[in-house]
Amino acid sequence: MPKNILFVMCDQLRHDYLGCTGHPVLKTPNIDMLAENGVRFSNAYVPAPLCGPCRMSVYTGRYPRSHGSYWNGSPLRIGEMNFGDHLNPLKMRTALCGKTHMTPDLDGMARLGIDPCSPAGQRISECGFELWDRLDGVYPAKGTRRPSHYFEYLNEKGYKGDNPWHDWANSAEGADGELKTGWFIENNDLPARIAEEDSETPYTTSRSIEFIEKNAGDSWCLHLSYIKPHWPYIVPEPYASMYGPEDVPEPNRNERERENSGPLLGAQYEKRSAKMFAREKLRDKAIPAYMGLIKQIDDQLGRVFEALKDTGQWEDTLIVFTSDHGDYFGDHWLGDKEFFHEEAVKVPLILFDPTAAADATRGSVCYELVEGIDLLPTFVDFAGGEPNYDVLEGHSLMPFLHDPKAQPVRDYAISEVDFSETYACTHLGLPVDKCRMVMVFDGRFKAVFSNANLPPVLFDLENDPKELRDIGREASSIAALAKLRAHLDEWSMAHHTSGTTPISRRIDYEDSECEIGVLIGFYDEQDVKDTPKAVHPLS
């Protein structure tokens, strides 16, 4: 039977909002079932705590500094190898159902004479995915950008208007019939005015099931990418009333954080979303809706799993469940994402391998440091290929699925943010080329360095697991910062560009000039004869 990959990604799902990751109230039995039969990675970190650059890293297997897409809407430059480039040669079809946040490099295509509407241009524009149904969400009330089918679907179902996504799926109805937009947090405790089966998550699920049913017998990688539980935090019944303020925990924060903050964190406190979620009781409106959206995703995944079983594809499908980043919700006095506390940069990651080779690790938890860029080499490995590490910067996670004693793939995790397009840039008075932050985390100490010569942020998660005390400017932290800075220097010096000459070919290049008669550095013919052929250490 052909091998399949179901790659499920949620948008803005925190690592601690699942039953299997310890949430005290929220039950997610379908996702938990994957963890019970697969491997849950408890220390999975995103390459960037922001939708666009994180996803471009996942779809290329490369860090943002390598692929160049640094912010939402920043094009992924032409020439970067993508999902299709790595998996299609293995005769695996790559298809998208949901969100990518991909912005094509139209200037690059124009420069090279590639028509964006041509087959090649379309695949470049979708990061190597065949477009089954793209639904990126976040369509402004008066915006003209349209998803692939969802607007038309809603209009056909009787939801009228130029933007039925906003007016029905992401708005509530007031007592007098007035529209109450889900963009405003004051309305998040109201139910969306759409029938549950027509809202975004069931729609995307149904479309994915169509793909699964129509392609039984083929080899495919389906990227099922939900736009929720990303804001607007609004959900239809019955999920709107499943959870309430009594289910909302106290925020993870204290006054010392703001009093003791350096400039990097201080700038984050000035963001609109941070100030909003610093308000009392505001979390009581948003978080119950967020929980309802997660519960809806879990219920819908049950439908997908049944479709795999009904079509006889369950035993041949690697299932991966993860998120592109988390959400602060007022923890650490912050909102949304874009910084590096666990709430934002750590994500759930579960891999279920149905083959007998994975029997030894079923139901286990892997505590090693892994990153989002590890997924694409894992998929290539599962599909029977050799990951191209001339280009890919992650590591295959397949050894962790098959061997309980698999060795770590890294000593530290990296995540990065270019904040040149944010309020923090102007708040700090920085030029745009001095707005880069990089997180280095070794499993205990987490540092955030900048290229603007600002004091680093440092947390000791062994003694301060909730990250409530920044010790980056304390004298006792010099050794820990030096160690993490050495890791950053090592990472920065790594080969971040796509090698056009593979390592395997470079091994044979030493002394190749001699073989074609280019004799540099020799005295005479006997000197050439007396010189042994070099043996490369990697050969």
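Anything mentioned here points back to the structure above.
Keep in mind that what you see is a predicted model, and the values were worked out from it rather than measured.

Reading the values: rules and limits
- Residue numbers here run from 1 along each chain, matching the order of that chain's written sequence.
- Confidence filtering applies because this is a predicted model: local features only for residues at pLDDT of at least 70, side-chain atom pairs given and counted only at 80 or more, and all residues used for totals across whole chains, interfaces and linings.
- Calculation of side-chain values draws on the structure's entire complement of heavy atoms; hydrogens and water are dropped beforehand.
- Salt-bridge detection follows one rule: a side-chain nitrogen of Lys or Arg within 4 Å of a carboxyl oxygen of Asp or Glu.
- Throughout this description, buried means an accessible area under 20% of the type-specific maximum (1.4 Å probe, protein chains only), exposed means over 50%, and partly exposed covers the range between.
- Strands are runs of DSSP state E lasting at least two residues, helices are runs of H or I lasting at least four, and both sets are numbered from the N terminus onward.
- Strands qualify as paired when DSSP identifies two bridges or more between them.
- An axis is simply a line fitted to the C-alpha atoms; with a helix, the fit covers only the stretch in contact. Between two such axes, the angle follows the N-to-C directions and lies from 0 to 180 degrees.
- Only heavy atoms matter for contacts: two residues are in contact if any of them lie within 4.5 Å across the pair.
- The term polar contact refers here to a pair of N or O atoms within 3.5 Å; inside protein, the definition further demands a hydrogen-donor-capable atom paired with an acceptor-capable atom, and it admits residues adjacent in sequence only when both atoms are side-chain atoms.
- Among buried residues, the Ala, Val, Leu, Ile, Met, Phe, Trp, Tyr and Cys ones that are joined through side-chain atoms within 4.5 Å form a nonpolar core.

Draft legend 1. Here's a closer look at the pattern of salt bridges. Tallying each qualifying case throughout the model produces 35 salt bridges. For the salt bridge of D470 with R473, the shortest nitrogen-to-oxygen distance reads 3.7 Å. What makes D470 buried here is its relative accessible area of 6%. The shortest N-O distance in the salt bridge between K529 and E525 comes to 3.7 Å. Of this pair, K529 and E525 are both found in helix α21 (residues 525-530), four residues apart, which corresponds to roughly one turn of the helix. Taken as a pair, K529 and E525 share a single burial class, namely exposed. Taken together, the shared-partner salt bridges in this structure form one network comprising R14, D16, R283 and D331.

Draft legend 2. Quick look at the sheet that holds strand β15 (residues 436-441). Strand order in the open sheet made by the four strands is β14-β15-β16-β17, with antiparallel pairing throughout. In the strand order of this sheet, the two ends are held by β14 (413-418) and β17 (457-460), each with one partner. Strand-to-strand, the axes of this sheet are offset by a mean angle of 10 degrees, without reference to chain direction. The pairing of strand β16 (residues 445-450) with β17 spans four bridges and is antiparallel. Bridged to K446 within β17 is F459. Across the face of the sheet, helix α18 (residues 478-492) comes into contact with β14, β15, β16 and β17 while running at roughly 60 degrees to β16.

Draft legend 3. Spatial organisation of the side chain of K446. Note that K446 resides in strand β16. In this structure K446 comes out as buried when scored by relative accessible area, which is 0%. Side chain to side chain, K446 and E467 meet in a polar contact 2.8 Å long.

Draft legend 4. Layout of the sheet that holds strand β3 (residues 44-45). Overall, mixed pairing links the three strands, which are arranged β10-β3-β13 in an open sheet. Two strands close off the open sheet at either side, each with one partner strand: β10 (346-347) and β13 (370-371). Looking at chain direction, β3 and β13 are connected through two bridges and run parallel. Among the inter-strand pairings, A44 is bridged to a residue of β13, identified as V370.

Draft legend 5. Examining helix α1 (residues 29-37) more closely. Looking only at α1, the buried set comprises I31, D32, M33, L34 and A35. The secondary structure elements touched by the buried residues of α1 are β2 (39-41), α13 (283-310), β9 (317-323) and β11 (349-352).

Draft legend 6. Just the environment of G79, in detail. Mapped onto the fold, G79 is located in the loop between α3 (64-67) and α4 (83-87). For the pair G79 and H67, spaced 12 residues apart in sequence, the C-alpha to C-alpha distance is 9.4 Å.

Draft legend 7. Spotlight on the nonpolar core. Membership of the largest hydrophobic core comes to 70 residues, with the highest contact counts inside it found for F7 and F41. The element that contributes the greatest number of residues to this core is helix α15 (residues 375-382), accounting for five residues. Apart from residues no more than four positions distant in its own chain, F7 is found in contact with V58, Y59, F83, L222, H223, L224, V320, T322, L375 and F379. Counting residues in each nonpolar core, the second largest holds 46 residues, with C10, L282, I294 and I297 among its members.

Draft legend 8. Structural view of helix α2 (residues 51-60). Counted residue by residue, α2 has 10 buried out of 10 residues, so it is predominantly covered. Every buried residue of α2 is listed here: C51, G52, P53, C54, R55, M56, S57, V58, Y59 and T60. Buried residues belonging to α2 abut β1 (4-11), α3, α4, β8 (220-229) and α15. Following α2 by one or two positions, G61 adopts a phi angle in the positive range, close to 70 degrees.

Draft legend 9. Spatial organisation of unusual backbone geometry. With an omega dihedral of 0 degrees, the bond running from W231 to P232 counts as a cis peptide bond. When you line up the elements, P232 lands in the loop between β8 and α10 (255-259). The residue after E237, namely P238, is reached through a cis peptide bond having omega 10 degrees. By the secondary structure assignment, P238 is in the loop between β8 and α10. Positive phi, normally seen in glycine, also occurs at C127, with a value near 60 degrees. Mapped onto the elements of the fold, C127 is located in the loop between α6 (119-125) and β5 (130-134). Residue C127 is classed as buried on the basis of its relative accessible area, which comes to 0%. Of note, D336 is a non-glycine position whose phi angle comes to about 65 degrees, a positive value.

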